[in-house]
Structure formats: structure tokens, C-alpha cells
Amino acid sequence: MTLRRLPVLLAGLALLASCTGEPGPSGAAGTIPARNATVAALLPEFADALPAMDPDTFLRLLAQLKGTPVVVNFWGEWCPPCREEMPRLVAAHEEFGDRVQFVGVDVLDSRTQARSFMEQFGMTFPSVFDVSDAIKTPLGLFGQPVTAFFRADGSLDFAYTGPIAENILRRHLEAIVG
């Protein structure tokens, strides 16, 4: 190979690497502005940014959200009960999203699948990306979907496994709002 062809080859490889369809490791590319109840360093500003998080990072995010009630919903594009409950969560976020920080945790998906799901349901609360489904375990949560309600002091108030009914969702939102 001649030295003159090396820059062309490197430019071609860089272009090819940028066309994988997935954002970089952090997944920070987002297009839907998040409707957040608060600000925190680890809280995505775009609902569909889907930054990758491990359990330790997610626990740090929850610690940063102390002072604000939080609802965490674990969902996946592949999960029929998640599809069933998401319209209720989106409606609850519309009503309570200025007082309660909603955070989604997408599990066992690709970012492309997750973003398609988020667009389909009109999700404007931020979600993080947990491809290995590791975040639930340190929180003592199991199953899919799971919705967890945290008080403003950071303590877990209630967790529900399965597609959450509107009356249960509303009752626990009102409880953590105070």
C-alpha cells in the first residue's frame, strides 16, 4: 500500500464505523427531549438517549434523585405485559411528571428496538439501557415488567411485578407525592 492511500483508507474505515446503526458506548444520542421533574448529573436530558447503566451507576442516579419522588419502570420492547401497561405509565407521567421523576430501564433489547417502542408509545420520560437485566437484582426486584415507587427520601415505598393497573399506579403515585 502506498502512503498516499493510507489517509483514504482511514477515512473510509471511520465512515464505516459510524454507520453501525447504534450510537457509541454511552448511547447518548437522543432526539426526544425528556420531561424531567428534576435535574441530576446522571439523568438523561433526552428520553431516548438510553445511556448504558450498570447497577452501581443506577444506584448513584437514584441517590442523585433524592429530594424528588421517583417511579422506576423496567420494560422491554419484547415484553407483551410491558406493551399493555405503557399507555398507563405515559398517561401517569403526563399528570404527575412535574412532581415525580419517572425513569425507565430498558432490558434485554437493542437501542433500535427500544427507541421504536418509545416512539410508538410517546414516552417522554428518560430511560436507561440495561442490556443484561442486572439493575433489578440489587434493588431486590424480580420479574418483568416491574414498577418501583421511591419516596423523596430515597426509600422504596412499593414495587409491583406485572402490568400495573391504573388504580394501583395512581394510589402509589399519590402516596409518594404526599
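Residues numbered from 1 in each chain as written. Predicted model: local features only at pLDDT ≥ 70, side-chain atom pairs only at ≥ 80, totals over all residues. Heavy atoms only, no water.

S.K.: How should I be thinking about the overall build of the chain in this particular structure?
M.R.: Within the chain, the regular secondary structure consists of 5 helices and 5 strands. The buried share of the chain, reckoned over its 178 residues, is 42%. Taking as baseline every contact in the chain between residues at least 6 positions apart, the subset at least 24 positions apart corresponds to 68%. For the chain, the exposed surface amounts to about 8,800 Å²; the carbon and sulfur share of it is 60%. (Helix = DSSP H or I, 4+ residues; strand = E, 2+ residues; numbered from the N terminus. Buried < 20%, exposed > 50% of the residue type's maximum accessible area, 1.4 Å probe, protein only. Contact = heavy atoms within 4.5 Å. Areas by Shrake-Rupley, 256 points an atom, 1.4 Å probe, with all protein chains shown as cover.)

S.K.: Looking at this model, I keep getting lost on the sheet that holds strand β1 (residues 70-75). Mind explaining?
M.R.: Remark on secondary structure: sheet strands pair via backbone hydrogen bonds, oriented parallel or antiparallel. In spatial order, the strands read β3-β2-β1-β4-β5; together these 5 strands make up an open sheet with mixed pairing. The sheet is open, and its two borders are formed by β3 (127-130) and β5 (156-161), each paired with just one other strand. Each adjacent strand pair in this sheet contributes to an overall mean axis angle of 15°, direction not counted. Relative to β3, strand β2 (residues 101-107) runs parallel, the two sharing 4 bridges. The residue bridging Gly104 from the neighbouring strand is Ser127, located in β3. Packed onto the sheet, helix α5 (residues 166-177) meets β1, β2, β4 (146-150) and β5 and runs at close to 170° relative to β5. (Pairing = 2+ DSSP bridges. Axes fitted to C-alpha atoms, helices over the stretch in contact; angles between N-to-C directions.)

S.K.: Teacher, can you tell me more about the pattern of salt bridges here?
M.R.: When their charged atoms lie close together, side chains carrying opposite charge are able to pair. If you walk through the whole model with that rule in mind, you get 7 salt bridges. For the salt bridge of Arg99 with Asp98, the shortest nitrogen-to-oxygen distance reads 3.5 Å. Using a relative accessible area of 51% as the deciding quantity, one classes Asp98 as exposed. With its nearest N and O atoms 3.4 Å apart, the salt bridge here joins Glu174 to Arg170. In this pair, Glu174 and Arg170 both sit in helix α5, 4 residues apart, roughly one turn of the helix. One network of salt bridges, with partners in common, ties together Glu95, Arg170 and Glu174. (Salt bridge = Lys/Arg side-chain N within 4 Å of Asp/Glu carboxyl O.)

S.K.: Can you walk me through the confidence of the model for the chain in this structure?
M.R.: In regions of low pLDDT, the predicted coordinates are not meant to be interpreted in detail. Across the chain, the average pLDDT comes to 88, with 84% of residues at 70 or higher. Contacts from residues 5-27, a stretch scored under 50 in pLDDT, to residues over four places away or in other chains number 21 contacts. (pLDDT = per-residue confidence, 0-100.)

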